[in-house]
Every structure is written in structure tokens, then in C-alpha cells.
Amino acid sequence: MARLSNQEGLADWLPGRLAEARPVVTVIGDSILDGWWDGTIERFCREAPAPVVQVKRRDFAPGGAANTAMNLAALGADVRFVSLVGDDSGGQKLLEQLRSAGVDVSNVVSHAGMTTTTKFRVSSGGQVMLRLDDAAQEVPADGLRRVAAAIPEALPGSSAVVLCDYGSGTLDGAVREAVFQNLGPQSEGGFPRFRQDTLVVVDAHNPGGWAHLKPDLATPNAQEAAKLIGTDFPGGAARCPFVEAHADQLLRASGAAAVVVTLDREGTLTIRPSRDSEKPSTHRTWARPQAEKQASGAGDTFVAALTIARAAGLPLTTSVDLAQAAADVVVHRPGTSVCTTDELAMHLRGFADTALTDAELARQVADHRREGRRIVLTNGCFDVLHRGHTRYLNQAKQLGDVLVVALNSDSSVRKLKGPDRPVNQEADRAAVIAALSCVDHVTVFDTPTPIPLIDLLRPDVYAKGGDYTPEMLQETEAVERYGGTVTILDYVPEHSTTAVLERIRSTGEAPQT
């Protein structure tokens, strides 16, 4: 399989490139059939104070590990699915939908003594009223042995393996033993042949149970991460700093090379050991949430997009950003759904030509202010996006509620950087910056400094990189004149655009991100 370059950006053509790469991904885990029954309520029943839902529509969709497999297939992966289902109507419906999506189900075991886990959600007027779970009381041991025997058949040639452990029992007993035998570290310190070039992703309710597997990635949500380190997480926006403060513990407890903690409306935080310091490095994404109360399975979409991107060779930070974009697509829909290649490309395409005029931006900022939001403004060339940029922009976002990025126009970049810059034109730079989850608005300015824009927007915070001091900035006087704050953020000297370009010219490749 051809691997994508480290220089790929979050652009609308990227999902198509991933689909062309067509990595083989094996998904092993708990199958669930999601039922969505919707109807109208006009009365309460006589025997109890409960509403009567007159069902008008019945929809079913693969859930759990099956939803992860569906999303991988929709994004272009060649998917092999290993699971255990009942020889019942739910299992048949589940397998039928997986086959229709192009998922290889030849290693799914259908067992007469197994009940296919089915979750029925009853809703009316966009509100889920009730959920009924029908699941096996006990998973048959001989079914697990048959699943275990299928694992070595499904692994050869896989670029990635995703373990989806929802605690329903499919990954217990003989299956767990087979996973460790075929993918876990060997006594002599290496890995079995199936693991040599295979990305291993653990998406589990109890990720600590797979720590000895030494996965490449673990993807717990906030509740799972809290359980992993034996503590309670705070609510809301405080969760992200709390996760960052416990980064070392999360890495140790998960056994993973990197941990991506999903935080719902707060986005995600990626943690991995730093090459430059003892403190783990982090990368934040920001969700674009929807008030939809019926959305389900966005986490499965996130894991699928993250896996296919990493399996195709994209940097971890780019992969996480792409996965956040895919999750943002499905969270806007009711029910359990998938994000396709075309839908993800269209979503990213929506960020193109998004640089606002001064007047449009002023109207947007005024609306944000009326809603009590804190405005942060920063500016720069942002040519050849790299980890220093994304780290800086994520820090800027954390200073307020709305981040506005002002890009130097092409002509001003040439004046600042020389006749061979910018590498990317302002429209392309604006589209890539706008696609970052931490950025809310982008504009382009052509003046020597952004002071006219500062006077227009009067941001609460004006942020700049740490290679400056407030005294060095002409903008400081303009900001402090109306009571704003100038904040200097961290500077990452080894990740400058100039350094990236010099390395490309000398070695032909960009630094890892």
C-alpha cells in the first residue's frame, strides 16, 4: 500500500487520497445492532403515566464495532470484520448491512446459542424517550473459540487492527488469548510477525485491560480515561486541562504509545511522549457540536477516520484533526450513521474561500459579543503549516471562546519573507487554517500591521508567538488603549516554516508531526 507523505495537509482532496490508498484494516470486537424507532405522541397510556408512542418509522444500523467497520469501509478502507453474532434476525440484519457496505464478514461467527445485542431507541419529536437493550446473558465459550480461530486468518496483510471492546464479551476468553498471541509483545521483547508493520488501536470501555498489548493508540472517552487512572474528572471545559495534568498517568495505565481522549463537545486531547522534554506533548482538537439529541456513534466515526489516516501514513496530529472533522459530519445527523469519503471532502471543502472581509468579520464578532463570548485575535503568515503552528493556535484558542486568525496577504508575506514566499497562496492558506478545529474565523489583511483590524474588532486578547515581547509589538499600544490584553504564547523554534523548508530542500522530506 502506498503511504501518504508527511507533508499532506487537511485539504478537501485528502479523503480521496486515503480512499485511493485503500489500507486493509481488521476490526475485532463487539457487534451491536442499533434500532431507531420514531413516532408521534398524542396521549398517555391508561395503566401508567407513560406516553404512548405511535411508531411511524423503524430504522436499523450496525453499531459498536460494526459501526467502526462501516465507517472504515465508507472512507475507503478494505475492511475485515471479526466478531460473534447470534443466529437470529438481528444477526442476519447486521450481516446483511455490513455486506452491502463492502465489509468482509467471512470471519464473523454466527452462533445459535448467542443473542445479537440490539439497542432499540424509541423517539418522538427529536427526543429519545426510551432505550431497550436486548443482549446475551452469557457468551458461549465455543463461539469465542471459533472467533479466536478466525483471528490469524484475518490479520495477514493488515495495515491496522482496531480492537473495539464494549465489554459485551466478544473479546473475552479464547479471543483475548488469540489477540495477545498474534499481536502482543513476545518474551524476547519483539512482536509476532502480524504486528511488525501493523498499527494497533484499542477502543475499549476498559483500556487498561489491554495495556500489556502495548497498542500504538488508545482512544478512551472522558469516563473511560477517568476509570483508567482511578479518579473522577471535572465537568465541561475543565476536563481538558485535567487530562493534560494527568498525561503521564494515562500513558502508563494504557500502555499505549499515544492516547487520544475524546471529550464530546470539548473535542479531543492527544497525549504522547515528547522528544524534546520529559513532559508529554499534547495536541488539541475542538468540536463543532450540534444540539441534536439523537446522534449516536460519532466516537466510532472518529476512531475509523483516525485509523485509516494513520494506516495510510499521515502524521498523528493531521490524523486526529481529520478524525475530528469526520465526527463533526455525523454528529449533525440523527441516529447511527457513517461519514463517507465524499461527505468528508465536502465538509473540508466548506472551509475553502472562507476568509471573511473586514465588514463580515466585524458582524460575526459583534454577534459573538452579544452572546457573552471572549474574542481572541492572532495573526501571521502560516505558510507551510507545521506542529509549531497548530500548537500555537490551540494555545491561542484556550485564551477565550472565539479564535480569529488574520493572515498576511501574499504581497505582505513577500515583503516580510522574500520573493520566494509564500509557498502557498493566501486562499489555500486560509482554507487550511479554517479547517483546523481550534479556528473559528479567518481573514486576510494587507496592511503593514494588523492595527487597523485590532481597532475594528477590539479583541479581548491579542496573542502572538513567544519570539516577541509586548514591548516589541507595535500592536500593544492599540490593544491596551481600549483595555484589551496582549498575551505571548510559547515559541517552538525548531518548528519554524523556514526550518521546514530548509529540511525539505536538503532531504526531500518534512519533519514528523
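Rules used in this analysis
- Residues numbered from 1 in each chain as written.
- Predicted model: local features only at pLDDT ≥ 70, side-chain atom pairs only at ≥ 80, totals over all residues.
- Heavy atoms only, no water.
- Pairing = 2+ DSSP bridges.
- Helix = DSSP H or I, 4+ residues; strand = E, 2+ residues; numbered from the N terminus.
- Contact = heavy atoms within 4.5 Å.
- Axes fitted to C-alpha atoms, helices over the stretch in contact; angles between N-to-C directions.
- Salt bridge = Lys/Arg side-chain N within 4 Å of Asp/Glu carboxyl O.
- 1 Å grid on protein atoms, 1.4 Å probe; cavity = no way out; pocket = protein on both sides within 12 Å on 5 of 7 lines; lining within 4 Å.
- Points joined across faces, edges and corners; volume = space filled by probe spheres on them.
- Disulfide = S-S within 2.5 Å.
- Core = buried A, V, L, I, M, F, W, Y, C linked by side-chain atoms within 4.5 Å.
- Buried < 20%, exposed > 50% of the residue type's maximum accessible area, 1.4 Å probe, protein only.

**Overview of the sheet that holds strand β18 (residues 402-408)**
Read from one edge of the open sheet, six strands run β16-β19-β18-β17-β20-β21, paired in parallel fashion. Two strands lie at the open edges of the sheet, namely β16 (355-356) and β21 (485-488), each paired on one side alone. Along the sheet face, helix α12 (residues 358-370) touches β16, β17 (375-380), β18 and β19 (441-445) and points at about 145° away from the line of β19.

**Remarks on the pattern of salt bridges**
On inspection of all chains with the given rule, the structure shows 14 salt bridges. One salt-bridge network, in which partners are shared between bridges, spans R239, D264 and E266.

**Description of the layout of surface pockets**
Space inside the largest pocket adds up to approximately 1,100 Å³. Along the walls of the largest pocket sit 44 residues, with D264, G297, A298, G299 and D300 positioned nearest its centre. Broken down by secondary-structure element, the contributors of at least two residues to the lining of the largest pocket are β2 (31-44), β3 (51-64), β6 (118-124), β9 (199-204), α6 (222-229), β14 (295-296), α9 (298-311) and α10 (316-330).

**Focus on the state of the cysteines**
Considering all chains together, one arrives at zero disulfides under this definition. For C240, which is in no disulfide, the shortest distance to another cysteine sulfur is to C438 and amounts to 12 Å.

**What about the nonpolar core?**
Membership of the largest hydrophobic core comes to 77 residues, with the highest contact counts inside it found for V27, F81, L98, L393, I433 and V439. The element best represented in this core is α10, accounting for nine residues. Among all residues touching V439, those that are not within four sequence positions of it are R288, L393, L403, V405, I433 and A434. Counting residues in each nonpolar core, the second largest holds 26 residues, with A154, L171, A178 and V179 among its members.

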